[in-house]
Amino acid sequence: MKATSIFGGVQVFNIIISIGRSKILAILLGPTGIGILGLIMSTTKLISSLTNFGLGISAVKEIAVAFELGNEKQLAKTIVIVKRWIWYTGLFGAILTIILSPFLSELTFGNRDYTIAFVWLSITLLLNQLTSGRFVFLQGLRKLKYLAQANVIGAALGLLVSVPIYYYMGVEGIVPAMIFTAILGFLVAFYFTKKVNTTPVPVSFNETKTKGKSMLVMGFMLSISGIMVLGVSYVIRIFINNNGGVEDVGLYNAGIAIISTYVGLLFTAMETDYFPRLSAVVHDNDKAVDLINQQAEIAILILAPVLIVFLVFVDWIITILYSSEFIPIKEMIYWAAIGMFFKVAAWVVAFFFIAKGASKLFFWNELVTNIYTLILNLVGYYYWGLGGLGISYLISYFVYLIQIYTITRSKYNFSFTPSVVKIFILQFLLALVCLLTTKLFSPAWSYSIGSIVILISMYYSFIELDARLNLKDLIAKYLKK
C-alpha cells in the first residue's frame, strides 16, 4: 500500500500531464492527427517489443532476487550483465527499424511517405530501451523514490518540450516531439541511476553470454507475449482504418487511453513494487498465494471507486480529457470499465507465471488469449462499431480471468480468499447499478443516483482498507506532521 501510494501520487501527476497532452493534441491535431500518432506509436511499440526481449521484466526479477539474497558480488555482476544486454537489444531495435522503414511505412499507411519518419524514430527505440534499463535497476533495487521522481520529472519535461513543437508544426511535429521526449526521458533516468552506488566488477563476455541466457530465454517468451498484444492492437487499428477511416482510429485511441492508460496507471503504480516482492517469495508457494490475495484486495478496493466515477461522469471526463468531438467513444468506455473489474482480478494472478519463471506456460496462455481477443475485437467493431469494442473488451477479460484462475488453481493450488471474492462482488454490483442508471434514466437522475453509489463505494473501500492498514491513525499522524 505504501508503494502504491507513492506511485499513485506519481500516476496522478502523470494523469494531469496526460490530460494536458491529450487536450493539446485534440485541439492542435484533432481525431485525424491523433489517429496518425496512434498508428506511428503502435508500429514503433511493436518493433520495440520484438527487439527488447522482455528485459524490462526478466531483468527486474534477476536483480530483485540477487538484492533479496544480499549477495553484493552477485548483484554487481547481474547489473553489469543487464546493462550490456540493454545496449545490445537497444541497438538491434534501432538498426532493424532503419532497415525496415520503407516496409513499415507501406504496411502502416499504404505508402512510403513515412519512410524517413521511421528512420528518425529508430533513435527513440534505442533511447527508450536504455531508459527502460535504467528503470529496471531502480525497480529491482527497490529505489522507489528515485524511480518515482524520475517518472514525474521525465513526464513534465516531455510535455514542456512537445507542446511548442505541436503548436508550431502540427502533424509534422509528431516525430520531432517523440524524439525529444525520448532524449529527455533517458537523461532524467541516467541522472537518477547515477545516484545509486553499485560496485563495479569485471565480467567476461562468456559470463555475460551465459548469465544473460536465462534472462533472454524468459524475456524472449515475455517479448513474444508483448508482440502478440501489440500485434493485436496493430491489426485492430489497421482494420478500423480500412473499415471506418483514420478518424475512427483516433476515437479508438482516445477510448483505449482513457480506460487503459488513465485507469491502467493504477496498475503501473502497484506493479512497480508488487512484482519484485512476488519474485522474492515465489519459492514459498503459500507466501506467494497470500501476497497475491493481499494485492488483489488492495487493487480492487482502490480501482473500483475510480471505475464507478468513470461510469457516472463519462461525458464530462471525455470532454475534459479531449473534446466533445470524442463523445462517440462513450459506449465503448461503459463496457470496458465493467471489463476492468475482471482485468484487475486476472492481472494480479498473471504475475505468478512470470515470477515462477514459467515462461512456456505464460507464452501459451497469452497466445490463446490474444487469439480470441483479436477475433472478438474484429467481430465487435464490424457489427457494432466502437461500442462493440467495449463489449469485446469485457468478454475477453471475463474469459481470461476464468482461464488464468483455472490454470493456477490446478498447477499452483491457487485460490482467491473469501475476502477477495466478497470485495469483488460488492464493488462489481455497485458498478452494474451505475451502468443500469446511465442506460435507463435521464442524465439528472443518473448523476444523482450515481453520485450516491460513488460515495457508497468509496466508503466501503475506506472501511476495508482501514481494517487492514489502520488508515484513520495513519491519516491523523500525517495531519499532525
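Residues numbered from 1 in each chain as written. Predicted model: local features only at pLDDT ≥ 70, side-chain atom pairs only at ≥ 80, totals over all residues. Heavy atoms only, no water.

**Looking at the layout of surface pockets**
Empty space within the second largest pocket amounts to approximately 250 Å³. Ile 36, Ile 40, Asp 113, Tyr 114, Ile 116, Ala 117, Val 171, Glu 172, Ile 174, Val 175 and Pro 176 are the residues that line the second largest pocket. Of all the secondary structure elements, the ones that give two or more residues to the lining of the second largest pocket are α2 (30-51), α5 (115-140) and α7 (174-193). No other element matches the three residues that α7 contributes to the lining of the second largest pocket. Residues that form the lining of the second largest pocket fall into these classes: nine nonpolar, no polar and two charged. (1 Å grid on protein atoms, 1.4 Å probe; cavity = no way out; pocket = protein on both sides within 12 Å on 5 of 7 lines; lining within 4 Å. Points joined across faces, edges and corners; volume = space filled by probe spheres on them. Helix = DSSP H or I, 4+ residues; strand = E, 2+ residues; numbered from the N terminus. Nonpolar A, V, L, I, M, F, W, Y, C, P; charged D, E, K, R; others polar.)

**Let's talk about helix α16 (residues 443-469)**
Counting along an α-helix, one turn takes 3.6 residues, and residues three or four places apart therefore face a common direction. With 27 residues, α16 extends 37 Å between its outermost C-alpha atoms, agreeing within 8% with the 39 Å of an ideal straight helix rising 1.5 Å per residue. Once α16 ends, the next one or two residues include Asn 470, with phi positive near 55°. (Expected span 1.5 Å × (residues − 1).)

**Some remarks on the environment of Thr 437**
Mapped onto the elements, Thr 437 comes out in helix α15 (residues 418-440). Separated by 43 residues in the primary sequence, Thr 437 and Lys 480 place their C-alpha atoms 41 Å from one another. Apart from residues lying up to four places away in sequence, Thr 437 is in contact with Ser 446 and Ile 449. (Contact = heavy atoms within 4.5 Å.)

**Some details on the packing of aromatic side chains**
Applying the stated criterion across every chain, the model contains 26 aromatic pairs. With a centroid separation of 5.3 Å and an interplanar angle of 50°, the aromatic rings of Trp 316 and Tyr 447 are classed as tilted. Separated by 131 residues along the polypeptide, Trp 316 in helix α12 (residues 314-321) and Tyr 447 in helix α16 bring together distant segments of the chain. For Tyr 447, a relative accessible area of 22% puts it in the partly exposed group. An aromatic cluster is present here, built from Phe 352, Phe 353, Tyr 405, Tyr 412, Phe 414 and Phe 416 joined pairwise through their rings. (Phe/Tyr/Trp six-rings, centres within 6.5 Å; stacked < 30°, edge-to-face > 60°. Buried < 20%, exposed > 50% of the residue type's maximum accessible area, 1.4 Å probe, protein only.)

**As for empty space enclosed by the protein**
Enumeration according to the criterion identifies two cavities of 30 Å³ or more in this entry. In this model, the second largest cavity occupies a volume close to 40 Å³. Listed by contribution, the elements that provide at least two residues to the lining of the second largest cavity are α2, α4 (72-109) and α5. Looking at which element gives the most residues to the lining of the second largest cavity, the answer is α4, with three residues. By residue class, the composition of the lining of the second largest cavity is one nonpolar, seven polar and no charged.

**Overview of the pattern of salt bridges**
Inspection of the entire model under this criterion finds six salt bridges. For Arg 112, the salt bridge identified is with Glu 106, shortest N-O distance 3.7 Å. Relative accessible area serves as the criterion here: at 36%, Glu 106 is assigned to the partly exposed category. A salt bridge links Lys 422 to Glu 464; its shortest N-O distance comes to 3.7 Å. Placement of Lys 422 in helix α15 and of Glu 464 in helix α16 is noted, with a sequence separation of 42 residues between them. Judged by its relative accessible area of 43%, Lys 422 falls in the partly exposed class. The class of Glu 464 is buried, set by a relative accessible area of 12%. (Salt bridge = Lys/Arg side-chain N within 4 Å of Asp/Glu carboxyl O.)

**Re the side chain of Arg 237**
Relative to the helices and strands, Arg 237 is located in helix α8 (residues 205-243). In this structure, Arg 237 is buried with no salt-bridge partner, the nearest side chain bearing the opposite charge being Asp 248 at 13 Å. Among all residues touching Arg 237, those that are not within four sequence positions of it are Gly 38, Leu 39, Ser 42, Val 249, Tyr 252 and Asn 253. (Lys, Arg positive; Asp, Glu negative; His and termini not counted.)

**Comments concerning the nonpolar core**
Counting residues in hydrophobic clusters, the biggest one holds 146 residues, and the most contacted among them are Tyr 322, Phe 326 and Ile 329. Ranked by residues supplied to this core, first place goes to helix α13 (residues 330-356) with 21 residues. Beyond its immediate chain neighbours, meaning those up to four positions away, Ile 329 contacts Leu 251, Ala 254, Gly 255, Ile 258, Ile 318 and Leu 386. (Core = buried A, V, L, I, M, F, W, Y, C linked by side-chain atoms within 4.5 Å.)

**Examining the packing of α13 against helix α14 (residues 359-412)**
At a closest axis distance of 9 Å, the pairing of α13 and α14 adopts a crossing angle of 25°. Classed by the angle they form, the pair α13 and α14 counts as roughly parallel. α13 and α14 meet at a crossing whose hand is left-handed. Looking at the contact of α13 with α14 residue by residue, the class counts come to 26 nonpolar, five polar and three charged. (Axes fitted to C-alpha atoms, helices over the stretch in contact; angles between N-to-C directions. Parallel < 35°, antiparallel > 145°, perpendicular 65-115°, else oblique. Left-handed = near helix turned anticlockwise from the far one by under 90°.)

**So, the confidence of the model for the protein chain**
Averaged over all residues, the pLDDT of the protein chain is 82; the fraction at 70 or higher stands at 91%. Confidence, read as mean pLDDT per element, is least for helix α1 (residues 2-28) in the protein chain (66) and greatest for α15 (93). (pLDDT = per-residue confidence, 0-100.)

**Points about the environment of Asn 413**
When you line up the elements, Asn 413 lands in the loop between α14 and α15. Taking the C-alpha atoms as reference points, Asn 413 and Val 289, 124 residues apart in sequence, are found 8.6 Å from one another.

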